[in-house]
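An overview of the molecular structure
Listed below are the residues making up each chain.
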Amino acid sequence: MADATGLQPAPKAKIAISDQTSAPRVRFAPSPTGFLHVGGARTALFNYLFARHTGGSFLLRIEDTDRERSSAEMTEQIQSSMAWLGLEADEEPVHQADGLERHREAADALLNAGYAYRCYLTQEEIAELREEAKADGRVFRYRSLRLDPAGESGEAEVAREGDPDRPFALLYRVPDGVTEWEDAVHGHTRFANENLDDFIILRSDGTPVYQLAVVSDDIDMAITHVIRGDDHLSNTPRQVMIYRALGAEPPVFAHVPMILGPDGKRLSKRHGATSVEAYRDERGILSAAMVNFLALLGWSPGDDREVMDLSDLIEAFSLDRILKKSSVFDARKLEWLNGQHLSRLDAAVIVSEVQSDLSEVAPGAADDPERLLQVIGLVKTRARTLGEVARQAAPFFSGDFDYEETAVRKHWKDPISTAIRLAALAGVVSETEPFDATSLERELRALADTLEISAAKLIHPLRVALVGAAVSPGIFEVLELMGRERSVERIEHAREYLARIPADG
């Protein structure tokens, strides 16, 4: 059956179109020209969640046709990042470069069916035509060069006499009318074809361009749903044309809103955007927290839940809950979620995650594994990153540490009175029996009553003395776990430090 242009669909037998299966099949198709960043990871996650929720298949395709910019190192990094996030593909990865012959067959099928035409212009000739159009105040368009039905023009698509072997590119002939589809996120979407120029599908060197290769691959892989970023929206009408011309039903498209920086502009390196693995290696973020955070960038579970593990996300995920509005990358929200996931983790799991950090800030921690588990169990409730876990655990083992300047300025404003109060606290810590959190709290509050001050005026200076910071788990639990001897040593060390501060601060 002919389409609206009167052209017949390209023969299916020539391009090995696979039958679409009833279960959804989705793919993540990164280009190995750089690290896997937040935007790509979010796209991969949405595809994965949809596949798992619907009982479908999640596939990985490496789009490596750009040989000069693609690298095996980047391919390995992308797969490593996906493994860290827990996004395991259901089949072996597909490499787009392996489909080159199939892409060429699809291009030939489109040419033979009249959907494409040859263009013999060189890059230099095209550049010259662009300059002429610019001088005339026009926009250069390929479609103005194509052969019309009467055959009265279009030198660009006719072999020049005497030079039948001149290289040519294949261009897709954009028809009149509109191209439309139902987008799972944006609803009915349409593009006026008059605003779309003819476009190259095969270069003069025989290599396919993205628009053709991606359609050929998706047909071959029987992809039923294409979930990707809004930045691909302008590619979709061209791809829909190719699907239909090749006699294939286009997949369901779902274009996900972009991720923006705090300034409302597209997320980039200036906002601190970096490779996904850098959040693990440099910022102490757990994979569960990153997955949770990425899922909430442009999607909602439909209720007020924010802290969700992967099984929760799979159960709740659906395309109709993807938001149309762009989302903002909030690093503080990521750290907060990370803290929530940290607090849920078993201490033994956290110990394995922070071993390298602990070896730097608290070399002796590994020598007492039982106590280390107790310390991690205590500090994990207040830490937001793995690095913070290690830093908060260090005072329980390391003899030396620095006092945070902000904590000193805030809670040790008056060195003399602070030193006096710490001396009184040393006495309480030395004499309290039994040495447990309940007894220590009782005695410290009794001391505050004796000194006629609030308990906070003792607790905050004491916290700085014990851990060097203004934030820690409950101070009485810290005292109990730190032990009497180390706690007294810390208080006396703080008094010596205060004695060296000039009276005028």
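Since we're looking at a predicted model, the values are computed, not measured.

A word on the overall build of the chain. The helix and strand tally for the chain stands at 19 helices and 12 strands. In summary, the chain has a C-alpha radius of gyration of 32 Å against a globular reference of 23 Å for 505 residues, an excess of more than 25%. Within the chain, buried positions represent 49% of all 505 residues. Sequence-distant contacts in the chain: of pairs separated by 6 or more residues, those separated by 24 or more amount to 76%. Each charge class in the chain can be summarised by its mean position, and for the 57 positive and 83 negative side chains these summaries are 4 Å apart.

With that settled, consider the environment of A278. Among the structural elements, A278 can be located in helix α7 (residues 276-281). Placed 197 residues apart in sequence, A278 and S81 show a C-alpha to C-alpha distance of 9.7 Å.

All right, on to the pattern of salt bridges then. Under the definition given, this model contains 24 salt bridges. One salt bridge in this structure joins D330 and R332, with 3.9 Å as the shortest N-O distance. Overall, the relative accessible area of 31% leaves D330 in the partly exposed class. Accessibility expressed as a relative area gives 67% for R332, which makes it exposed. Connected via shared salt-bridge partners are R27, R61, E63, R102, D217, D218 and D220.

What follows deals with the sheet that holds strand β4 (residues 116-119). Taken in spatial order, the three strands line up as β4-β5-β8 in an open sheet, and their pairing is antiparallel. Looking at which strands have only one partner, the edges of the open sheet turn out to be β4 and β8 (199-202). With strand direction ignored, the average angle separating the axes of adjacent strands in the sheet is 45°. Taken together, the three bridges between strand β5 (residues 169-172) and β8 define a ladder with antiparallel strand orientation. When the sheet's bridge partners are listed, L171 is paired in β8 with I200. Strand contacts of helix α6 (residues 236-245): β5 and β8, with the helix running at about 50° to β8, the strand carrying the most contacts.

Next up on the list: the pairing of strand β9 (residues 225-229). Counting buried residues along β9, five of its five residues qualify, which places the element largely inside the surrounding structure. Pairing geometry for β9 and strand β10 (residues 252-256), over five bridges, is parallel. Bridge pairing in β10 places G229 opposite V256. Regarding topology, α6 serves as the crossover connection from β9 to the parallel β10, and that connection is right-handed.

It is worth spelling out the packing of aromatic side chains at this point. Counted according to the given criterion, the structure contains 15 aromatic pairs. Ring geometry for Y48 against F58: centres 5.5 Å apart, planes inclined by 85°, an arrangement best described as edge-to-face. In this pair, Y48 sits in helix α1 (residues 38-54) while F58 sits in strand β2 (residues 57-62), placing the two residues 10 residues apart along the sequence. With a relative accessible area of 7%, Y48 lands in the buried category. With a centroid separation of 5.9 Å and 55° between ring planes, the pair formed by W412 and Y497 is classed as tilted. Placement of the pair is W412 in the loop between α14 (405-411) and α15 (415-431) and Y497 in helix α19 (residues 484-499), with a sequence separation of 85 residues. Residue Y497 is classed as partly exposed on the basis of its relative accessible area, which comes to 28%.

Another aspect to go through is the nonpolar core. The biggest cluster of nonpolar side chains holds 107 residues, and the ones touching the most others in it are M290, W299, F329, F396 and L466. Ignoring anything within four residues of it in the chain, the contact list for F329 reads V38, I259, L260, P262, L267, Y279, F293, L297 and L334. Ranked by size, the runner-up nonpolar core spans 31 residues in total, among them Y115, L170, V214 and A248.

Looking now at unusual backbone geometry. Between E433 and the following residue, P434, the backbone shows a cis peptide bond with an omega angle of -10°. Looking at the element boundaries, P434 is found in the loop between α15 and α16 (437-451). Phi at A222 takes a positive value of approximately 55°, unusual for a residue other than glycine. If you trace the backbone, A222 turns up in the loop between α5 (210-220) and β9. We note that E452 has phi near 55°; this positive angle belongs to a residue other than glycine. The topology assignment puts E452 in the loop between α16 and α17 (456-467).

The strand order across the open sheet formed by three strands is β1-β2-β3, and the pairing between neighbours is parallel. Two strands close off the open sheet at either side, each with one partner strand: β1 (25-28) and β3 (94-95). With two bridges joining them, β2 and β3 adopt parallel strand pairing. Bridge assignment links I62 to a residue of β3, and that residue is H95. The sheet strands contacting helix α2 (residues 72-85) are β1, β2 and β3, and the helix crosses β2 at an angle near 160°.

As for its position among the elements, E63 is in the loop between β2 and α2. Owing to a relative accessible area of 10%, E63 belongs among the buried residues under this scheme. Separated by 3.4 Å, the side chains of E63 and Q96 make a polar contact. Setting aside anything within four residues of it in sequence, one finds E63 in contact with A29, P30, S31, P32, S70, Q96, Y210 and V214.

Before going further, it helps to examine the confidence of the model for the chain. Residues at a pLDDT of 70 or more form 90% of the chain, whose mean pLDDT is 89. Note that pLDDT drops below 50 for residues 12-21; the model gives that stretch 24 contacts with residues more than four away or on any other chain. Overall, residues 149-156 carries pLDDT values under 50, and its contacts beyond four positions in sequence, including any with other chains, amount to 12 contacts.

Cut-offs and rules
Residues numbered from 1 in each chain as written. Predicted model: local features only at pLDDT ≥ 70, side-chain atom pairs only at ≥ 80, totals over all residues. Heavy atoms only, no water. Helix = DSSP H or I, 4+ residues; strand = E, 2+ residues; numbered from the N terminus. Rg over C-alpha atoms; globule rule 2.2 N^0.38 Å. Buried < 20%, exposed > 50% of the residue type's maximum accessible area, 1.4 Å probe, protein only. Contact = heavy atoms within 4.5 Å. Lys, Arg positive; Asp, Glu negative; His and termini not counted. Charge placed at Lys NZ, Arg CZ, Asp CG, Glu CD. Salt bridge = Lys/Arg side-chain N within 4 Å of Asp/Glu carboxyl O. Pairing = 2+ DSSP bridges. Axes fitted to C-alpha atoms, helices over the stretch in contact; angles between N-to-C directions. Right-handed = clockwise from strand over helix to strand, strands pointing away. Phe/Tyr/Trp six-rings, centres within 6.5 Å; stacked < 30°, edge-to-face > 60°. Core = buried A, V, L, I, M, F, W, Y, C linked by side-chain atoms within 4.5 Å. Polar contact = N/O pair within 3.5 Å; in protein donor to acceptor, adjacent residues only side chain to side chain. pLDDT = per-residue confidence, 0-100.

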